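# Overview (structure and organization)
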Amino acid sequence: MDHYDGEEGIDYMQQEDDWDRDMLLDPAWEKQQRKTFTAWCNSHLRKAGTQIENIEEDFRDGLKLMLLLEVISGERLAKPERGKMRVHKISNVNKALDFIASKGVKLVSIGAEEIVDGNAKMTLGMIWTIILRFAIQDISVEETSAKEGLLLWCQRKTAPYKNVNIQNFHISWKDGLGFCALIHRHRPELIDYGKLRKDDPMTNLNTAFDVAEKYLDIPKMLDAEDIISTLRPDEKAIMTYVSCYYHAFSGKQKAETAANRICKVLAVNQENEQLMEDYEKLASDLLEWIRRTIPWLENRAPENTMHAMQQKLEDFRDYRRLHKPPKVQEKCQLEINFNTLQTKLRLSNRPAFMPSEGRMVSDIANAWGGLEQAEKGYEEWLLNEIRRLERLDHLAEKFRQKAAIHEAWTEGKEEMLQQKDFETASLSEIKALLKKHEAFESDLAAHQDRVEQIAAIAQELNELDYYDSPSVNARCQRICDQWDSLGALTQKRSEALQRTEKLLETIDQLYLEFAKRAAPFNNWMEGAMEDLQDTFIVHTIEEIQGLSTAHEQFKATLPEADKERQAILGIHNEVSKIVQTYHVNMAGTNPYTTINPQEINAKWDKVRQLVPQRDQALIEEHARQQNNERLRKQFANQANVIGPWIQTKMEEIGRISIEMHGTLEDQLSHLRQYEKSIVNYKPKIDQLEGDHQLIQEALIFDNKHTNYTMEHIRVGWEQLLTTIARTINEIENQILTRDAKGISQDQMNEFRASFNHFDRKRTGIMDAEDFRTCLISMGYNLGEAEFSRIMSIVDPNRLGLVTFQAFIDFMSRETADTDTADQVMASFKVLAGDKNYILADELRRELPPDQAEYCIARMAPYTGPDAVPGALDYMSFSTALYGESDL
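All of these numbers come straight from a predicted model, not from anything done at the bench. (Residues numbered from 1 in each chain as written. Predicted model: local features only at pLDDT ≥ 70, side-chain atom pairs only at ≥ 80, totals over all residues. Heavy atoms only, no water.)

Moving on, we come to the overall build of the chain. Tallying secondary structure elements over the chain gives 33 helices and 7 strands in all. Expressed as a percentage of the 887 residues in the chain, the buried residues total 46%. Within the chain, contacts between residues separated by at least 24 positions form 74% of all contacts whose residues are at least 6 apart in sequence. Split by element, the accessible area of the chain, about 44,500 Å² in all, is 50% carbon and sulfur. (Helix = DSSP H or I, 4+ residues; strand = E, 2+ residues; numbered from the N terminus. Buried < 20%, exposed > 50% of the residue type's maximum accessible area, 1.4 Å probe, protein only. Contact = heavy atoms within 4.5 Å. Areas by Shrake-Rupley, 256 points an atom, 1.4 Å probe, with all protein chains shown as cover.)

Encoded structure:
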């Protein structure tokens, strides 16, 4: 067998010819070759419905030899001779040998006569030549072919198995573990490799041969006993048998590669579709929440009581503290998901994602802006309503006090004015009645201011839309009507008394003087008591200090008032002395006034009692205003630090996003450190919120110590969180793009330098004209049509702006390493074989269940002339996945 080798890929056998010559006819080797070659030939001949029993006898007439060559080559040989004569047999064998030679195999010392004569050596050599040419020569692994390629393939596949060391095609296979390792590597479910032992070669070999025959359709070409009993198994027999493993598994590997490619495309597509569904749901939920919330914030139905308005303010705080922050996070996450999805679609050469009508990122931003506008208006309305109700409560209480005092004063006055006592009175009594009436008129004039004040307060309550205005108006109207009635009655009685004045004598001047002086003093005391009991409302230290100063001035007038009291009491004492001295019958009362010394003393004592109470109220209010000032300063001290800190962080994040310091990973790490420091700052924001709540609870509405409001801080904080999250997402997308496109760090730096150079506004975004200038500087010859096409790629939302992510996506687009429609179709072609269609069962066999059904649902039925039931047109899947433009 040292004389048969081919010209192409077969001459490597020459290096082993020396030992082949000596060992070829070794009985053990010849037995192994007969069995192996016979089994190999039958594995192909059975496809034609025949087989051989004796390798040197059954090929003598050349008929089965020609049939074997036709089966393994797929070509038709010349028509064989059907005669039984030797010449016919030689002719058939020569046709077979000529066909072998036509395939580039040089046959040396092998003639048709030897084959016809049943020469075992020549017959085995010829079969070995056929095996080399059609089973081994085409094997190629890492730029090696034939025997070296097959050996390298075996070594690669068995490398993970520590007890297997394949170095040749003879003694390396004696323990049987090499065969078992090849099967387990490709079909691990067929062999429990962990139970095999190196010291049990018989079991190992029989296990491999039985499994290969049963599950891999590889016939038994070797005997375990022959391999074990032979010092050096026949190399050609081993190579022939191992080549069957290679062909069995290489076809499976191609199908797996094709299936994996399809699975990869399907997985990316399914993930993108899930991201789209998630975006749509999250956007819909967020817009629905905004839609429900804005009417609540726009509700301006006023409440009648301070308690009800305080409850509304508390509900608004709960909304700010509990309900809104999760929605801010959802909005930020929605923008991140949208940017990530668009990046993945660009990397997959898929069209940009366009959300449903009304669910664009810009739509959500507009809705969010409307929410914040409504929120600001609602808070301002709440605070104004609280101020209004506070003012209303104060005015209503003041109205009630003044009305009560006036009503108490007017009680019985109409009946008194309507009395006819002067008709039967004596002269002295008439004079007394006249003087008394004059005193009443003085008192009536003194009460005119109070009536006017009551009417003015009622008018202000009406203008401020006081909820109980009807009852206030009714009471005010009764007071005014009664006042007019008193005026008319007073005028009528005065005229009657004056008509009888001529009939009367002068009345005791002392009583008259008492009445005249007691009445204004009594009125002063009533006014003082009213002022001392009057409720006050202030908002600043200066206001309470003004009230305290006025109160001190009032206290300074008390000594003079006390002198007036003592003088009035002196008049009454003098009257009493005169009555006692002259035994005047006065019936015990002053006919000119109802005021008596006991009443004056009682009211004076009441005034003295109210003064320290007023002192205490002013002291407490002063302490409250001092506490309010402390709260203002406490809030201002924190706000004046937090506000600039937020602005500084915003500027630092902006610089990081446009500067080129380190790799993208360095920038990402830097940004995450910034994000961590920002999150760690949250307790200070919460502390400021607590101080702000204390200020609102204390009804403090202004703060001269700072220009920052809590609304400024909240908006700045939310913008800071959104900005750092969006910037991190942009860097992550840049890393994703860089890795997917194979862009180096130097290229990324060049892209960033070009982008920053033409980003003249330093906003991190180029407008269309800056982008056009950038492209021209890079050598692009741009017409309007070409520029419009490029802008449709980098600006799918037609905003007229180009982000850095879109810029690097465009610059690296030509180097994209993604699966195209042609690659996917080539993978489907591998699964379909030589058919123009693919069967649903084939997809279910090669792909995971969910992805197989995904493909089947998107394929149209195949309608070609060679269609069979269940045939699917796999070209329609590419149309559904990529669109017509990619085919």
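Inspection of every chain in the model, using the stated rule, returns 59 salt bridges. We note a salt bridge from E330 to K327, for which the minimum N-O separation is 3.6 Å. Highlighted residues: E330 and K327, both in helix α13 (residues 306–347), separated by 3 residues, approximately one helical turn. Classification of K327 by relative accessible area gives buried; the value is 16%. A salt bridge links R772 to E784, with the nearest nitrogen and oxygen atoms 3.3 Å apart. Taken together, the positions of R772 in helix α27 (residues 768–777) and E784 in helix α28 (residues 784–794) put the pair 12 residues apart, joining distant regions of the chain. By relative accessible area, which is 17% here, R772 ends up buried. In this structure, a network of salt bridges that share partners links the residues R320, K324, E372, E375, E379, E689, E711, R714 and E718. (Salt bridge = Lys/Arg side-chain N within 4 Å of Asp/Glu carboxyl O.)

A few words now on helix α14 (residues 361–410). Taking 1.5 Å per residue as the helical rise, α14 with its 50 residues ought to reach 74 Å, and the 72 Å between its terminal C-alpha atoms agrees with that figure. Phi for G412, located one or two positions after α14, is positive at around 85 degrees. (Expected span 1.5 Å × (residues − 1).)

With that settled, the discussion passes to the confidence of the model for the chain. Across the chain, the average pLDDT comes to 81, with 90% of residues at or above 70. For residues 1–25, every residue scores under 50 in pLDDT, and the model assigns this stretch 62 contacts once sequence neighbours within four places are set aside. Low pLDDT, under 50, characterises residues 883–887; the stretch is placed with 7 contacts to residues that sit more than four places away or in other chains. (pLDDT = per-residue confidence, 0-100.)

Computed from the structure, the largest pocket encloses a volume of approximately 1,500 Å³. Forming the boundary of the largest pocket are 49 residues, of which N339, R726, E730, I765 and T803 lie nearest the centre. Going through the elements one at a time, α13, α14, α22 (597–658), α25 (710–741), α26 (745–758), β4 (801–803) and α29 (804–811) are the ones with two or more residues in the lining of the largest pocket. The class makeup of the residues in the lining of the largest pocket is 20 nonpolar, 18 polar and 11 charged. (1 Å grid on protein atoms, 1.4 Å probe; cavity = no way out; pocket = protein on both sides within 12 Å on 5 of 7 lines; lining within 4 Å. Points joined across faces, edges and corners; volume = space filled by probe spheres on them. Nonpolar A, V, L, I, M, F, W, Y, C, P; charged D, E, K, R; others polar.)

This part covers the sheet that holds strand β7 (residues 871–873). With antiparallel pairing, the 3 strands of this open sheet are ordered in space as β5-β7-β6. Looking at strand neighbours, the two that pair on one side only are β5 (838–839) and β6 (860–861), the edges of this open sheet. Of the pairings in the sheet, the one linking β6 to β7 comprises 2 bridges and is antiparallel in character. Within β7, the residue paired with P861 across the bridge is L872. (Pairing = 2+ DSSP bridges.)

So, about the packing of aromatic side chains. One pass over the structure, following the stated rule, counts 25 aromatic pairs. Grouping aromatic residues by their ring pairs yields a cluster made of F169, W173, F179, F209, Y241, Y245 and F249. It is R133 that lies over the ring of F134; its NZ or CZ is 5.2 Å from the centre. Against the face of F787 rests R772, its NZ or CZ located 4.1 Å from the ring centre. (Phe/Tyr/Trp six-rings, centres within 6.5 Å; stacked < 30°, edge-to-face > 60°. Lys NZ or Arg CZ within 6 Å of the ring centre and 35° of its normal.)

What follows is about a nonpolar patch on the surface. Together, I765, L799 and L801 make up an exposed nonpolar region whose accessible area comes to about 260 Å². Along the chain, the position of L801 falls in strand β4. Here L801 falls in the partly exposed class, since its relative accessible area comes to 38%. (Patch = residues over 30% accessible without salt bridge, like charges linked within 9 Å, V, L, I, M, F, W, Y side chains within 5 Å.)

Topologically, R317 is positioned in helix α13. When residues no more than four places from it in sequence are discounted, the contact partners of R317 are Q693, Q696 and E697.

This brings us to the side chain of T343. Counting through the fold element by element, T343 comes out in helix α13. The exposure class assigned to T343 is buried, which follows from its relative accessible area of 0%. For T343, the side chain forms a polar contact with the main-chain oxygen of N339, separated by 3.0 Å. Setting aside anything within four residues of it in sequence, one finds T343 in contact with N733, L736, T737 and Q805. (Polar contact = N/O pair within 3.5 Å; in protein donor to acceptor, adjacent residues only side chain to side chain.)

Ranked by internal contacts, the top residues of the largest apolar core, which has 79 residues, are W40, I130, F179, I183 and Y245. Ranked by the residues each element gives to this core, the list is headed by helix α7 (residues 120–136), at 11 residues. (Core = buried A, V, L, I, M, F, W, Y, C linked by side-chain atoms within 4.5 Å.)

Locating M825 in the fold gives a position in helix α30 (residues 821–832). With a relative accessible area of 9%, M825 lands in the buried category. A sequence separation of 50 residues divides M825 from M875, and the C-alpha atoms of the two residues are 7.0 Å apart.

Backbone geometry places D217, a non-glycine residue, at a positive phi of 60 degrees. Structurally, D217 can be placed in the loop between α10 (201–215) and α11 (224–229). The exposure class assigned to D217 is exposed, which follows from its relative accessible area of 54%. Here R798, not a glycine, exhibits a phi torsion of approximately 60 degrees, which is positive. Its place among the elements puts R798 in the loop between α28 and β4.

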